[in-house]
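The primary structure of each chain is shown beneath.
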Amino acid sequence: LLYTRIATATMALGIVPRLKSSIINIPAVKNNEFLYKFLDSPAGPFTIHFWAPSFKWCISLANIADMQRPVEKVSTGQQIAITATGILFTRLSLVVVPVNYNLASVNVFMAGTGMIQLYRKYAAGQLLDGIVPAEEKKE
């Protein structure tokens, strides 16, 4: 709720549009076609479409760090969620407007790291640990 109020107040005051306008009108930015297109993009750094996937990279980086953890400490449920999120949102990021390649890439990476973790659990024979009760798993 606080974030919504801050975002609404910021947009109402026109801070972000004014900041964007002042930055893209700097001669060095205007003369650099790549930088200008990046900053003026509908999925550029002056929109949430840029920052949400940028912070989502932290989840993938944390998942890579978890590759060093013993496999029995890796949560199967969490890895299923990370993998499913990666797969579903990769598709979504390619059909929404504006197409968000940053979001697509982070989700491909999330799905990949989740699948690697699930394979580690499978290879160790612990894929169903914590999901299926022990007495059902023995049958």
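Rules of the game
Residues numbered from 1 in each chain as written. Predicted model: local features only at pLDDT ≥ 70, side-chain atom pairs only at ≥ 80, totals over all residues. Heavy atoms only, no water. Phe/Tyr/Trp six-rings, centres within 6.5 Å; stacked < 30°, edge-to-face > 60°. Buried < 20%, exposed > 50% of the residue type's maximum accessible area, 1.4 Å probe, protein only. Helix = DSSP H or I, 4+ residues; strand = E, 2+ residues; numbered from the N terminus. Lys NZ or Arg CZ within 6 Å of the ring centre and 35° of its normal.

## Focus: the packing of aromatic side chains
So, point 1. Applying the stated rule across the entire model yields five aromatic pairs.
So, point 2. Centroid distance phenylalanine 50 to tryptophan 51: 4.8 Å. Interplanar angle 90°. Geometry classified as edge-to-face.
So, point 3. Classification of phenylalanine 50 by relative accessible area gives buried; the value is 17%.
So, point 4. The exposure class assigned to tryptophan 51 is partly exposed, which follows from its relative accessible area of 40%.
So, point 5. For the pair tryptophan 57 and phenylalanine 109, a centre-to-centre distance of 5.3 Å together with 50° between the ring planes defines the contact as tilted. Of this pair, tryptophan 57 sits in helix 5 (residues 48-65) while phenylalanine 109 sits in helix 7 (residues 101-123), and the two are 52 residues apart along the sequence.
So, point 6. Directly above the aromatic system of phenylalanine 89 lies the positively charged group of lysine 56, at a separation of 4.9 Å from the ring centroid.

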